[in-house]
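# Observations on the three-dimensional arrangement
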Amino acid sequence: MEREKFTILVVEDQQVNRQILRQILQGEYEVLEAENGLDAFAILENHKRISAILLDIVMPFMDGYTFLQHKQKSAFAAIPVIAVTAEKDEAAEQKALDLGAWDFIPKPYRANILLLRLKNVIVRSQFYLIREMQYVYEHDPLTGLYNRTRFFMSTHKMLECHPNQSFALVRFDIDNFHIYNTFWGEEEGDRLLCFIAEFLRRVSRDVPLCTYGRISGDVFCICQPYDETVIGQQVEHACQQLAHYNTDYLIEPTFGIYVIPDADEKIETMYEFATLAAKECKGRYMSYLRYYQPKMNQRILQEQVIINEMQHALDTQQFVLYLQPKYNLKTEQPYGAEALIRWQHPEKGLLMPGTFIPVFERNGFIGKVDYYMWESVCQLLHRWIEEGKSVAPISVNMSRVNLYNPNLVQLLTDLVEKYQVPRHLLNLELTESAYMDNPGVMEKTVLALQDAGFTVMMDDFGSGYSSLNTLKNIPVNVLKIDMKFLSGDSDTVRNKCILTLVIRMAGWLEIPVIMEGVETRKQVEFLKSIGCGYVQGYYFAKPMPVTEYESLVAGITQLPVESLSDNHDHISQTIWSTDPQIDLLFNSIKQPAAIYEYENNSFHALRVNMSYNDYFGYGEAIGENSEQAYSRQLSREAMAVVLDALRQTAETKHETVCTCPIKNGGGSVKMLQIDLQYWGANENTKVIFALFTELSREIDACGAPK
Ligand code: C2E
Ligand code: CA
Ligand code: CA
């Protein structure tokens with residue numbers, strides 16, 4: 001078969017010259033003709049496969065130079081040009097080459113030279129084209145990193161060339177990257193991916209022997225010599241970098257690592273193992289990294305069985321609602337319950353949520369299952385109301401996945417309306433770790449749910465990283481604390497102190513507390529003594545089927561704990577004694593914090609935490625009048641603002657927030673926000689809790705933001 005001829009575009013205003021050129025070329029090439037630059041562009045638009053251009057420089061309308069300039073910026077930039085210049089016009093040659101011509105030939109034409117130069121240029125350009133295509137074929141267009149194909153290929157080569165070196169394949173991605181994309185937009189998502197690519201490039205500079213690339217979406221890989229310490233450091237570094245990347249959103253990466261035992265294994269298989277390991281982290285709070293272990297295969301198989309069965313189980317109502325009553329600790333009578341799921345499996349019997357909920361959380365099915373549970377509870381509440389029973393709130397669990405559903409509030413309001421359930425009867429339990437993931441997002445969702453009339457409970461408070469500090473910032477209605485989150489025996493002095501303090505603080509903030517996992521009478525007595533409102537646990541009742549719960553509460557008028565504010569006004573001084581556990585707790589508040597006694601327009605600190613001392617340089621002088629200590633850093637006017645806020649808090653017993661300028665080292669001035677909360681009274685003095693936050697903006701001497 002005859003080879004298809006390359007096409008040459010001749011741009012030349014003189015017809016005789018065009019004819020000469022056609023004669024020289026037409027044996028080997030297809031020839032197209034243009035009389036000037038403008039003409040040439042029109043032809044380029046219509047003939048997509050022109051291999052080279054022979055360009056006369058001197059032409060009417062658009063000369064050769066102008067044509068070159070435009071072409072360089074156009075879609076035809078890659079087509080090689082040979083400029084045709086008058087004999088010995090060195091300036092013209094130089095200018096044409098400068099403007100991007102690949103070569104030049106002087107007139108008059110010498111056929112053999114012309115053909116040779118043309119061939120050279122075409123071969124060179126084809127070579128570039130192939131290289132370009134190869135680049136596109138092997139690289140990710142967004143980040144410029146190797147793509148999957150090339151990464152696998154290069155990794156294979158690297159392993160082959162270093163048979164005595166032990167390697168590890170590290171695969172990582174971003175948890176819920178699609179949520180990040182939805183929240184911040186795709187452009188921002190792309191920016192994050194490029195940031196990660198840049199990070200990888202930097203890492204690779206310290207690891208001379210490595211391959212890395214973007215496998216797909218948000219999945220990246222690096223293959224490098226196996227060194228657990230180095231990998232640990234890289235992971236930590238990546239987590240830090242990502243934590244700082246967007247301070248409004250916690251970007252959590254997940255690392256799956258496969259230590260390669262045999263370089264002959266297929267790279268695809270190695271990658272699958274690293275992926276299995278990464279999947280083990282998903283849905284586990286603060287778990288970033290997992291090494292592949294053979295038993296993961298087994299787990300994945302089991303997980304696959306669950307995944308295969310789940311939709312059918314939902315359709316055939318194998319998921320069952322159990323209720324665990326909550327008790328009013330004062331009356332020791334039931335008040336409401338928590339809905340807990342069970343899977344009544346046709347072959348395996350009754351399955352506990354621990355065996356399947358984590359799987360659903362990983363694959364997103366939890367959204368459907370949670371909705372099913374919420375609907376079941378609404379149906380139940382509806383029936384009880386119809387039957388004229390005494391109805392107390394039932395709480396449902398809400399997996400964090402739901403929090404990112406933009407229709408969440410609508411979904412829930414539609415449900416309660418459909419079943420005519422008063423909203424205060426459907427309570428929502430949200431786990432603390434979900435708050436900690438993304439406090440900003442969470443706060444918005446929680447507020448929207450509360451605005452819609454729902455009660456939001458923070459489940460498993462104390463399991464995560466929140467200090468007492470978060471109690472203040474998070475707008476929950478109820479706290480649930482699990483006895484199991486107290487380290488070791490709940491009976492130790494330390495644990496008793498922690499519980500006392502948390503329950504008292506919650507009380508002062510008027511947030512009811514439910515203690516979960518209460519198993520003994522001794523625990524009950526202790527919780528009563530410190531003023532805990534509600535309990536839930538095996539001591540009173542285990543989770544039970546609905547009918548059993550109905551018999552349990554039959555004939556009982558379910559009553560909530562009376563308002564907590566009665567014991568709001570008297571504070572026993574003992575809690576602020578020098579107990580080291582209390583100190584420890586108070587110091588866990590990261591910002592400066594203090595508890596003041598306030599009387600007759602003057603105040604002094606009962607207790608301050610370490611960061612308060614650091615901030616105000618208070619040192620030994622805790623006993624000194626707080627006003628004297630402050631006056632080192634606060635101006636007279638600022639001092640008046642603080643005193644006024646304290647007075648207002650003492651009088652109204654409400655939270656007050658004030659801001660005032662504070663002198664900073666080096667003569668600069670910053671704004672300080674002081675949150676004041678009324679906590680109670682000792683004799684005639686009021687006890688006020690103060691939390692200090694330095695606002696980041698600097699201000700000038702007049703107090704205006706810079
Ligand atoms: P959770 O929300 O913290 O629920 C409390 C768990 O503690 C329940 O386990 C309950 O049976 C158990 N428990 C209650 N009292 C005691 C006690 O005195 N001692 C001990 N040792 N345990 C006690 P369960 O039912 O196995 O549920 C486990 C977790 O599964 C739940 O923890 C919750 O996170 C999740 N879960 C259960 N149902 C659902 C649901 O419908 N949706 C979602 N998203 N998660 C659910
Ligand atoms: Ca719960
Ligand atoms: Ca819980």
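The structure reproduced in this document is the subject of the present report. (Residues numbered from 1 in each chain as written. Chains lettered and ligands numbered in written order. Predicted model: local features only at pLDDT ≥ 70, side-chain atom pairs only at ≥ 80, totals over all residues. Heavy atoms only, no water.)

### A closer look at the site of ligand 1
In the region of ligand 1, 21 residues are neighbours, and Q324, R342, D370, E519 and Y538 sit closest. Measuring from a nitrogen atom of ligand 1, one finds a backbone N or O atom of I341 at 3.1 Å. Expressed as a share of its isolated accessible area of 800 Å², the protein-covered part of ligand 1 is 79%. At the level of elements, β12 (333-345), α13 (366-386) and β16 (455-461) are the ones that each hand at least two residues to the shell around ligand 1. For the shell around ligand 1, the element with the highest residue contribution is β12, accounting for four residues. The residue makeup of the shell around ligand 1, split by class, is nine nonpolar, five polar and seven charged. (Near = heavy atom within 4 Å. Polar contact = N/O pair within 3.5 Å; in protein donor to acceptor, adjacent residues only side chain to side chain. Areas by Shrake-Rupley, 256 points an atom, 1.4 Å probe, with all protein chains shown as cover. Helix = DSSP H or I, 4+ residues; strand = E, 2+ residues; numbered from the N terminus. Nonpolar A, V, L, I, M, F, W, Y, C, P; charged D, E, K, R; others polar.)

### A closer look at the coordination of the calcium ion (ligand 3)
All of the protein donors around the calcium ion (ligand 3) are D459 (OD), D460 (OD), E516 (OE) and E516 (OE); their distances to the metal are 2.3 to 3.1 Å. Expressed as a motif, the donor residue spacing for the calcium ion (ligand 3) is D-D-x55-E. Between the calcium ion (ligand 3) and the calcium ion (ligand 2) the interatomic distance comes to 3.9 Å, and D459 is a ligand of both metals. In this pair, D460 sits in strand β16 while E516 sits in strand β18 (residues 513-516), placing the two residues 56 residues apart along the sequence. Judged by its relative accessible area of 22%, D460 is partly exposed. Overall, the relative accessible area of 10% leaves E516 in the buried class. (Donors = N, O, S within 2.8 Å, 3.2 Å for Na, K, Ca; no water. Buried < 20%, exposed > 50% of the residue type's maximum accessible area, 1.4 Å probe, protein only.)

### Brief notes about the nonpolar core
In this structure, L323, F360, M515 and L527 are the most contacted members of the largest nonpolar core, which totals 108 residues. It is α13 that contributes the most residues to this core, nine residues altogether. Apart from residues no more than four positions distant in its own chain, L527 is found in contact with L329, L499, I503, M515, V518, C532 and V535. By size, the runner-up hydrophobic cluster in this structure holds 26 residues, among which are V11, M62, A83 and A92. (Core = buried A, V, L, I, M, F, W, Y, C linked by side-chain atoms within 4.5 Å. Contact = heavy atoms within 4.5 Å.)

### Overview of the packing of α13 against helix α21 (residues 546-553)
Contact geometry of α13 with α21 gives a least axis separation of 13 Å together with a crossing angle of 35°. Crossing handedness for the pair α13 and α21: right-handed. Only V546, Y549 and E550 of α21 make contact with α13, whose side of the interface consists of L380, R383 and W384. Taken together, the residues that form the contact of α13 with α21 break down as four nonpolar, no polar and two charged. (Axes fitted to C-alpha atoms, helices over the stretch in contact; angles between N-to-C directions. Left-handed = near helix turned anticlockwise from the far one by under 90°.)

### A few points about the packing of aromatic side chains
As enumerated under the stated definition, the model contains 28 aromatic pairs in all. Arranged with centres 6.3 Å apart and planes meeting at 75°, the rings of Y226 and Y291 form a pair that is edge-to-face. Of this pair, Y226 sits in the loop between β8 (219-225) and α9 (228-245) while Y291 is found in strand β10 (residues 289-291), placing the two residues 65 residues apart along the sequence. Measuring from centroid to centroid gives 5.4 Å for W343 and F356, while their planes differ by 85°, and the two rings are edge-to-face. Residue W343 is found in strand β12, and its partner F356 is found in helix α12 (residues 353-363); the two are separated by 13 residues along the sequence. Grouping aromatic residues by their ring pairs yields a cluster made of F319, W343, F356, F360 and F365. Residue placement shows K95 over the ring face of Y65; its charged tip is 4.3 Å from the ring centre. (Phe/Tyr/Trp six-rings, centres within 6.5 Å; stacked < 30°, edge-to-face > 60°. Lys NZ or Arg CZ within 6 Å of the ring centre and 35° of its normal.)

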